Amino acid sequence: DNPQVWRQMGFQQGPPGARRMIFGVAIAMDGRLLAVSKVSVRPNMQEADHLRHPKVYVFERTAEGWKAGGTGERDASNKPWWFGASLALDGDRLAVGYPTLLKPFRAEQNFASLEAPMVCVYRRQDGNWKLEQELQSRGISPFLGFGHRVALRGDLMAVQSIHPLEEGVEVVVLRREDGT
């Protein structure tokens, strides 16, 4: 006689036309906010299977249920293949992992972004999510998998950075110094 502790209170579906195994690759929740990424991260994908415009959706819990609260995305011309590979949410801050190369993918062809690996930090102000900082890997980590995983709490952020051939991995801890 074990009483059920967790009960379903709602669900979010991918946007119309979203392919399976892409919506919800990374999820993060903090209080009444839910962030969900739509990004291709499965191994051995063909180029045609890659999502050209990965996005992060933010939903807000209201008395009526979960409502759309904004989206984040990168310029598609920079080939942001893995924008949204990881997410962390702490209050009105959202950290979005954006490694530029992940493994294991087809060894004969890697799909690398044209931008440096980074974590994009968004902050909600006046109900809108705005890019606060592009925390690039330069000077922090030499690996193209910077942003593979991310955690955020208060003024601390931890970022996993992996070598694309799994020849190295590290977790970098960063501290925000502006006090906000």
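Residues numbered from 1 in each chain as written. Predicted model: local features only at pLDDT ≥ 70, side-chain atom pairs only at ≥ 80, totals over all residues. Heavy atoms only, no water.

**A closer look at unusual backbone geometry**
- Of note in the backbone geometry, K79 takes a positive phi value of approximately 50° without being a glycine.
- For K79, a relative accessible area of 41% puts it in the partly exposed group.
- With a phi angle near 55°, D126 is a residue other than glycine that sits in the positive phi range.
- Counting through the fold element by element, D126 comes out in the loop between β7 (118-125) and β8 (128-136). (Buried < 20%, exposed > 50% of the residue type's maximum accessible area, 1.4 Å probe, protein only. Helix = DSSP H or I, 4+ residues; strand = E, 2+ residues; numbered from the N terminus.)

**As for the pattern of salt bridges**
- Applying the stated rule across the entire model yields 9 salt bridges.
- The partner of E134 in a salt bridge is R74, and the shortest N-O contact between them spans 2.9 Å. On the criterion of sequence distance, the pair formed by E134 in strand β8 and R74 in the loop between β4 (65-73) and β5 (86-90) is long-range, its members being 60 residues apart.
- Among the salt bridges present, the one from E132 reaches R123, with a minimum N-O distance of 3.7 Å.
- Bridged by salt links that share partners, the residues R32, E60, D92 and R124 form one connected network. (Salt bridge = Lys/Arg side-chain N within 4 Å of Asp/Glu carboxyl O.)

**So, the sheet that holds strand β3 (residues 55-62)**
- Reading across the sheet, the 4 strands line up as β1-β2-β3-β4 and stay open at both edges, with antiparallel pairing between neighbours. Only two strands of the sheet have a single neighbouring strand rather than two, namely β1 (23-30) and β4. Ignoring which end each strand starts from, the neighbouring axes of this sheet average 25° apart.
- Here strand β2 (residues 33-38) runs beside β3; their pairing, made up of 6 bridges, is antiparallel. For A35, the partnering residue across the bridge sits in β3 and is V58. (Pairing = 2+ DSSP bridges. Axes fitted to C-alpha atoms, helices over the stretch in contact; angles between N-to-C directions.)

**Some details on the sheet that holds strand β6 (residues 93-98)**
- Strand order in the open sheet made by the 4 strands is β5-β6-β7-β8, with antiparallel pairing throughout. Every other strand in the sheet has two partners, leaving β5 and β8 as the edge strands with one partner each. Within this sheet the neighbouring strands show an average axis-to-axis angle of 20°, counted without direction.
- Here 6 bridges tie β6 to β7, and the two strands are oriented antiparallel to one another. Looking at β7, one finds that L94 is bridged to Y122.

**Points about the nonpolar core**
- In this structure, L87, L94 and V96 are the most contacted members of the largest nonpolar core, which totals 16 residues.
- Those elements giving two or more residues to this core turn out to be β1, β2, β3, β5, β6 and β7.
- When neighbours within four sequence positions are excluded, V96 is seen to be in contact with V56, F83, G84, S86, L87, M118, V119, C120 and Y122.
- Counting 12 residues, the second largest nonpolar core, distinct from the first, contains A95, V119, L152 and L174. (Core = buried A, V, L, I, M, F, W, Y, C linked by side-chain atoms within 4.5 Å. Contact = heavy atoms within 4.5 Å.)

**Thoughts on the pairing of strand β10 (residues 156-162)**
- Examined bridge by bridge, strand β9 (residues 149-153) and β10 share 5 bridges and lie antiparallel to one another. Considered in β10, the bridge of A151 is made with A158.
- Between β9 and β10, which pair antiparallel in sequence order, lie 2 residues; one of them, G154, sits at a positive phi of approximately 60°.
- The sheet contact formed by β10 and strand β11 (residues 169-175) spans 7 bridges and is antiparallel. Pairing of A158 across the sheet is with V173, part of β11.

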